[in-house]
Amino acid sequence: MAAGGSGDVFDILKDAGSPDTIAAQRAAQKAHDEEISIKAQRRAAETIQGHSSQPVYFDSITVLGAPKTRRPFLERLVKPALDRSDQGDFTLKDALRELSKAINGLQHFEIFHPNIPFYIDTPSNYVYDPKTPNNPIPLSAIINVKERSRILLKSGTDLGNTEGSAYVQGSVRNVFGGAEFLHVSASKGTRTRSAYDATFTTPINSSPLAAIELKGLSTARDNSHSSHTELSRRFIGTVRWATPAYKLKQSISYEGLWRTLTELHEDASASVRRDAGDSMKSAITHLLTRDTRDNPILPSSGTLLRLRNSIAGIGPLKGTVAHWKSEAETALAYPLFKGITVSSSVRGGILYPLALSGDAGPKPSTIADRFHIGGANDVRGFQTGGLGPHSGKDSLGGDAYVAGSLGLLFPFPRVGTDSGLRFQAFINGGRLLALERPPDVQDMNIAQGMKYTVSRLLSEAPSLAAGVGIVYGHPVARFELNFCLPIGVRGTYGEEGAERARKGLQFGVGVEFS
Amino acid sequence: MASPLRDTFRAPTFIRRLFSHFPLITHPVDPLPMSIEDFYPSAARQHVERSINTLYSFTDSTDGSVASFNPACLKWQTYLRIRNVPFDTHPSNNHASPSGSLPFLITSSPSDRISQTVPSTKLGRWIEEHAVGSANTVDTDGGDYRAFLCLLEGAVRDAWLYALYVDPSNLSSLTIPKYTAQTPLWPIPAILGSQMRQAAVDAIRKSPSSSALPAGTEIYEKAMEAFKALSILLGDDEWFFGADEAGMFDAEVFAYTHLLLGLEIGGGGGVVAEGLGWFGNLVDHEERIRRRWF
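Criteria and thresholds
Residues numbered from 1 in each chain as written. Chains lettered and ligands numbered in written order. Predicted model: local features only at pLDDT ≥ 70, side-chain atom pairs only at ≥ 80, totals over all residues. Heavy atoms only, no water. Domains from an automatic or database assignment. Contact = heavy atoms within 4.5 Å. Buried area = accessible area lost by both parts, 1.4 Å probe. Salt bridge = Lys/Arg side-chain N within 4 Å of Asp/Glu carboxyl O. Polar contact = N/O pair within 3.5 Å; in protein donor to acceptor, adjacent residues only side chain to side chain. Helix = DSSP H or I, 4+ residues; strand = E, 2+ residues; numbered from the N terminus. Nonpolar A, V, L, I, M, F, W, Y, C, P; charged D, E, K, R; others polar. Pairing = 2+ DSSP bridges. Core = buried A, V, L, I, M, F, W, Y, C linked by side-chain atoms within 4.5 Å. Buried < 20%, exposed > 50% of the residue type's maximum accessible area, 1.4 Å probe, protein only. Phe/Tyr/Trp six-rings, centres within 6.5 Å; stacked < 30°, edge-to-face > 60°. Lys NZ or Arg CZ within 6 Å of the ring centre and 35° of its normal. pLDDT = per-residue confidence, 0-100. Axes fitted to C-alpha atoms, helices over the stretch in contact; angles between N-to-C directions. Parallel < 35°, antiparallel > 145°, perpendicular 65-115°, else oblique.

## Observations regarding the domain arrangement of chain A
All names here are of chain A.
- Here chain A is described as being made up of domain 1 (55-144) and domain 2 (204-510).
- Inter-centroid distance (C-alpha atoms) of domain 1 to domain 2 is 48 Å.
- Between domain 1 and domain 2, the contact holds five residues from the first and four residues from the second.
- Contact between domain 1 and domain 2 buries roughly 390 Å² in total, counting both sides, with carbon and sulfur atoms accounting for 58%.
- In terms of surface lost to domain 2, no three residues of domain 1 exceed Arg76, His108 and Phe109, which account for 74% of the buried area on that side.
- Joining domain 1 to domain 2, the criterion identifies zero salt bridges.
- Remark: the boundary between domain 1 and domain 2 carries four residue pairs in polar contact (both at pLDDT 80 or more).
- Of all the elements, helix H3 (residues 71-86) adds the most residues to the side of domain 1 that touches domain 2, at three residues.
- A breakdown of the residues in the side of domain 1 that touches domain 2 according to their chemical character gives three nonpolar, one polar and one charged.

## Things to note about the pairing of strand E6 (residues 181-189) of chain A
Residue and element names in this part refer to chain A.
- By the bridge criterion, nine bridges tie strand E5 (residues 163-173) to E6 in an arrangement that is antiparallel. Bridge pairing in E6 links Val168 to Ala186.
- Across eight bridges, the pairing between E6 and strand E7 (residues 192-203) is antiparallel. Bridging from a neighbouring strand, Lys188 pairs with Ser194 of E7.
- Linking E6 to E7, which pair antiparallel, is a turn of two residues.

## Brief notes about the nonpolar core
- Tyr165, Phe227 and Phe249 of chain B are the most contacted members of the largest nonpolar core, which has 81 residues in total.
- Considering each element in turn, this core owes the most residues, 14 residues, to helix H7 (residues 143-166) of chain B.
- Those residues within four positions of Tyr165 of chain B in sequence are excluded, and the remaining contacts are Trp160, Leu171, Thr175, Tyr179, Met196, Arg197 and Ala200 of chain B.
- Counting residues in each nonpolar core, the second largest holds 26 residues, with Val78, Ile103, Ala141 and Val145 of chain A among its members.

## Describing the packing of aromatic side chains
- The full count for this structure, using the stated rule, is 23 aromatic pairs over all chains.
- Centroid distance Phe412 of chain A to Phe423 of chain A: 4.4 Å. Interplanar angle 15 degrees. Geometry classified as stacked. Here Phe412 of chain A is found in the loop between strand E17 (400-411) and strand E18 (421-433), whereas its partner Phe423 of chain A is found in strand E18, with 11 residues between them in sequence.
- Between the aromatic rings of Phe148 of chain B and Phe241 of chain B, the centroid separation amounts to 6.5 Å while the plane-to-plane angle is 75 degrees, which identifies the pairing as edge-to-face. With a gap of 93 residues between them, Phe148 of chain B in helix H7 and Phe241 of chain B in the loop between helix H10 (216-234) and helix H11 (248-262) connect regions that are remote in the sequence.
- Note on Phe148 of chain B: relative accessible area 17%, which makes it buried.
- Here the aromatic cluster, defined as three or more aromatic residues joined through ring pairs, consists of Tyr145, Phe148, Phe240, Phe241 and Phe249 of chain B.
- Across the ring face of Trp258 of chain A, the terminal group of Arg233 of chain A is positioned such that the distance to the ring centre comes to 4.0 Å.
- Between Arg288 of chain B and the ring centre of Trp239 of chain B, over which it is positioned, the NZ or CZ distance is 5.8 Å.

## Here we look at the pairing of strand E9 (residues 228-243) of chain A
All names here are of chain A.
- One ladder, built from 14 bridges, connects strand E8 (residues 210-223) with E9; its direction is antiparallel. Within the sheet, the bridge partner assigned to Leu214 lies in E9 and is Gly237.
- The turn linking E8 back onto E9 is made up of four residues, and Ser227 within it adopts a positive phi angle of 60 degrees.
- Here 15 bridges tie E9 to strand E10 (residues 248-262), and the two strands are oriented antiparallel to one another. Counted as the bridge partner of Phe235 is Gly256 from E10.
- Hairpin connection from E9 to E10: four residues lie between these consecutive antiparallel strands, with Lys247 at a positive phi of about 55 degrees.

## Section: the confidence of the model for chain B
All names here are of chain B.
- Looking at chain B, the pLDDT average stands at 85 and 89% of residues meet or exceed 70.
- Within chain B, helix H1 (residues 3-9) has the poorest average pLDDT of any element, 58, and helix H5 (residues 71-82) the best, 94.
- With pTM at 0.84, the complex prediction returns an ipTM value of 0.86.

## A word on the pattern of salt bridges
- Under the definition given, this model contains 34 salt bridges over all chains.
- The closest approach of N and O atoms between Arg70 of chain A and Glu180 of chain A, which form a salt bridge, is 2.9 Å. Taken together, the positions of Arg70 of chain A in the loop between strand E1 (56-64) and H3 and Glu180 of chain A in the loop between E5 and E6 put the pair 110 residues apart, joining distant regions of the chain.
- Its salt-bridge partner being Glu128 of chain B, residue Arg83 of chain B comes within 2.9 Å of it at the nearest N-O pair.

## Overview of the sheet that holds E1 of chain A
All names here are of chain A.
- Spatial ordering of the open sheet is given by E1-E3-E2, a layout of three strands whose pairing is mixed. Every interior strand has two partners, whereas the edge strands, E1 and strand E2 (118-121), have only one. Geometrically, the sheet is characterised by an average inter-axis angle of 20 degrees between neighbouring strands, direction not taken into account.
- Here E1 pairs with strand E3 (residues 137-144) via eight bridges, running parallel. By the bridge assignment, Thr62 is partnered in E3 with Ile142.

## Considering the packing of H5 of chain B against helix H6 (residues 120-130) of chain B
Residues and elements named next belong to chain B.
- One can describe the packing of H5 onto H6 by two numbers: an axis separation of 11 Å at closest approach and a directional angle of 5 degrees. What the angle tells us is that H5 and H6 run roughly parallel. Here Trp76, Tyr79 and Leu80 of H5 lie close against H6, whose contacting residues are Ser120, Leu123, Gly124, Trp126, Ile127 and Glu128.
- Considering only residue class, the contact of H5 with H6 consists of six nonpolar, two polar and one charged.

If you want it as structure tokens, here you go:
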């Protein structure tokens, strides 16, 4: 009799549990909540706006939810806000800005969950006196943080410059409660066959802009282009700081390195055999980077400037090698029209031998310190280490180089510029020379030799290659497949000492391309 | 036979024709990085003309007439000198060697930049091919020869290893400073020293086919017995096995006697060196080779 009606009820009841209904209900609820929260936000904003010039001062700022973080560390982050408030002439607007700065600071260290809510109230014992509306109102602010888990274990695969690797890593966050990081990792790769690394980082004076990093690293690297494997164990201590206004990042580091060139190929050249075995480098390096590029993997605008200077082996540094090594790199990306961008880069470096403390004079550089250029993400159209002096099939490297590239990137038809896909056309080249004695000079004078070498470097035609290809800029790495043809090369194919160019397809993966 | 397969992977004709046009320009090849001798040519020219052969060995000199401090290197160095092959030496280490251990020889002609590397395992044959004939015609396949070689490469070598690498005082005063001269900075010599010691222990264990390391006194006694046997073998002859001219075996004996007599070895090893001094004919043999070739 009431079959229809009861059927309706049953249908409704039945439907109530179906996923569609639940989803619809949730969506409606969410929309409702959002509406309420937007309204509340708007009301709060209006209230704040209306009172933004109200004089206030901070009675207290409380950070809640940070039991494992040291109090002095948090105090230093919050102190600028309190100091500013104590100076007087402080409005509600100022108070909010100072709080937001402090919160940005808290977020930067990655020890808290990034969503950090805060509350502002007057102290409970404060009574508003309507007769003196211009008296500063005390505020107590509460910043509610949530500490992230301290220990993080991860494994996966990674892409670096011309290589793939698999890794396991563990991190301890906030080791001593001052945003210190301890990071240990082990990885096996195609080119860096194994790497073990332990890094400890601590901010300086709670500043998000300056840090000290201590690192121990042991790697085995396959340098097939020079017929050997390089084992190295190193300690690096770095102080780094940034100047946000000029987008400058700088660091000064000390590196102590013990390396062994071993597992020489059977046909390794005499030069490689001469440099095989143990050596020790003790160096101080200054690195300056100014990077305004919009995306380092696939830039469409901006510039890069990088200067690296390091001094090894002299005076108290000791070690078994002594030199001054200086490199400069600039890159530019410029959008033309219709998503077409032009990109170019120029870089160069010199390795200037110095006398070790206790030695009578400088010694020639070794293969491990010299520059090696060429490769799929270096000077394209050449093999890894394909430019410069060679003996047999070995790249011996050089003491001075210049390299440059000029390229055009075109968006894929119908895909647009948002995807990372591009066509490219490029011409690139370089020149790599070993330190030479000027032809009319008997004994070696380093300054004279370097001057002569650099003048040759700049006056003679570089080795060149050009090509076209496809680029895919993925957030973690850049992939390139190019068809390359060498234009100018030193030595013919198969000739002793010839540079090693590459004709045809070349595939490159990397985080840094030049 | 392999041509059908190769054809499959061969680039199409137009690609090959295109490739043949590149590079458009070929520049002359650049000079090689300089070696220390190129850096200081006047210093390097102090001793004779530079030779085309270089013996990479454990040594602290580039002069072929300065004896190596390692018996395996000194053996070949001595034999090369006996056979009148001109060569320089170059301080090196086992990492550089194609066989994993020194010495090895690089023969090169500076004019065409091409070099040949001869590991110690092939050095004997190389010398036969490149040196003038020798008056030493000792049969190296004979039973006696082999037995005495075993004595030298077993008992005498073990005593050498024990004295220089296992004995901690000699390890730190003689072996480590000599072998880690390239990297004399803390903590590398200590690490390399303990690695060398372990390698020596392994080598000694292997030879008497027992797993426990024998006591030093036992090893030294066996070495004394070996010297006694060698002294009897040499007798009043000038060279071993009554040969007219020094040969490989003489070089091999000299490699140990020269180093044992010349180095100031302490501890039990010093007793062996002292004991060796009692065998007058072995001491004379060492002096004969030293005076003539070093």
